[in-house]
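Single-letter residue listing:
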Amino acid sequence: MRSVRGDAAQECLPLDLPPPMPPAPRERPARSRPEAPVADGEDVRIRLRNDALASHGWPAGTELLVSTDRRPRRGEVALVREGGRLRIGVLEVRFGRSALRTDQGAVLLGPSARMVGVVTVAGAPLAGMPVRSVP
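Residues numbered from 1 in each chain as written. Predicted model: local features only at pLDDT ≥ 70, side-chain atom pairs only at ≥ 80, totals over all residues. Heavy atoms only, no water.

Brief notes about the nonpolar core
- Judged by nonpolar contacts, the single largest core of 14 residues is most densely connected at Ile46, Trp58, Leu64, Val77, Leu79, Ile88 and Val119.
- For this core, the elements supplying multiple residues, two or more each, are strand 1 (43-48), strand 2 (63-67), strand 3 (77-82), strand 4 (85-94) and strand 7 (114-123). (Core = buried A, V, L, I, M, F, W, Y, C linked by side-chain atoms within 4.5 Å. Buried < 20%, exposed > 50% of the residue type's maximum accessible area, 1.4 Å probe, protein only. Helix = DSSP H or I, 4+ residues; strand = E, 2+ residues; numbered from the N terminus.)

In structure tokens:
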């Protein structure tokens with residue numbers, strides 16, 4: 001058999017495809033861990049329980065004012081919340097990770113660590129003043 005060419009040949013069918021649609025934006029899943037409560041721009045007062053920052057002239061009992069609206073930079077004294085505990089020390093980088101250095105040594109910060117703020121003011125120890133304590 002021979003195929004026949006001519007007017008009787010099948011023509012191309014017109015296909016009307018809709019224009020390509022961009023993918024729908026994916027909804028973010030709800031966060032599984034709650035964020036640490038941080039005061040909105042308010043300063044936090046704490047009192048040191050030990051001599052971990054005595055080299056800065058801050059012995060045990062020194063009251064510190066922490067500014068929560070500033071993010072600490074390397075070399076500044078920072079307050080960090082990690083695993084339900086507050087830690088304080090000089091912020092530095094060790095082995096490619098953030099660490100807090102005190103007179104008792106350095107502590108590497110894990111991925112759950114959240115920066116609370118930077119120490120802006122230190123005051124002499126006052127007897128009888130109720131203030132949150134930090135180790």
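As for the pairing of strand 3
- In terms of burial, strand 3 is largely enclosed, as 5 of its 6 residues are buried.
- Examined bridge by bridge, strand 3 and strand 4 share 6 bridges and lie antiparallel to one another. Following the sheet pairing, Arg81 is matched in strand 4 by Leu86.
- Between strand 3 and strand 4, which follow one another and run antiparallel, lie 2 residues, and Gly83 among them has a positive phi close to 60°. (Pairing = 2+ DSSP bridges.)

Focus on the pairing of strand 2
- The buried fraction of strand 2 amounts to 4 of the 5 residues, a majority that puts the element mostly inside the structure.
- In terms of strand pairing, strand 1 meets strand 2 through 5 bridges, oriented antiparallel. The partner of Arg45 across the bridge, within strand 2, is Leu65.
- Relative to strand 7, strand 2 runs antiparallel, the two sharing 5 bridges. Bridge assignment links Val66 to a residue of strand 7, and that residue is Val119.

Structural notes on unusual backbone geometry
- A positive phi angle, near 55°, is found at Phe95, a position not held by glycine.
- By the element assignment, Phe95 lies in the loop between strand 4 and strand 5 (97-102).

Structural notes on the environment of Ala122
- With respect to the helices, strands and loops of the structure, Ala122 is situated in strand 7.
- If we skip the residues at most four places from it in the chain, Ala122 touches Trp58, Thr62, Glu63 and Leu64. (Contact = heavy atoms within 4.5 Å.)

Section: the environment of Gly96
- For Gly96, the location among the structural elements is in the loop between strand 4 and strand 5.
- Sequence separation between Gly96 and Leu108 is 12 residues, and the spatial gap between their C-alpha atoms is 9.9 Å.

What about the pattern of salt bridges?
- What the rule picks out here adds up to 7 salt bridges.
- Between Glu76 and Arg70 there is a salt bridge; the shortest N-O distance is 2.6 Å.
- Note that Glu92 is salt-bridged to Arg94, the shortest N-O span being 2.5 Å.
- Residues joined in a network through salt bridges with shared partners are Arg45, Arg47 and Glu63. (Salt bridge = Lys/Arg side-chain N within 4 Å of Asp/Glu carboxyl O.)

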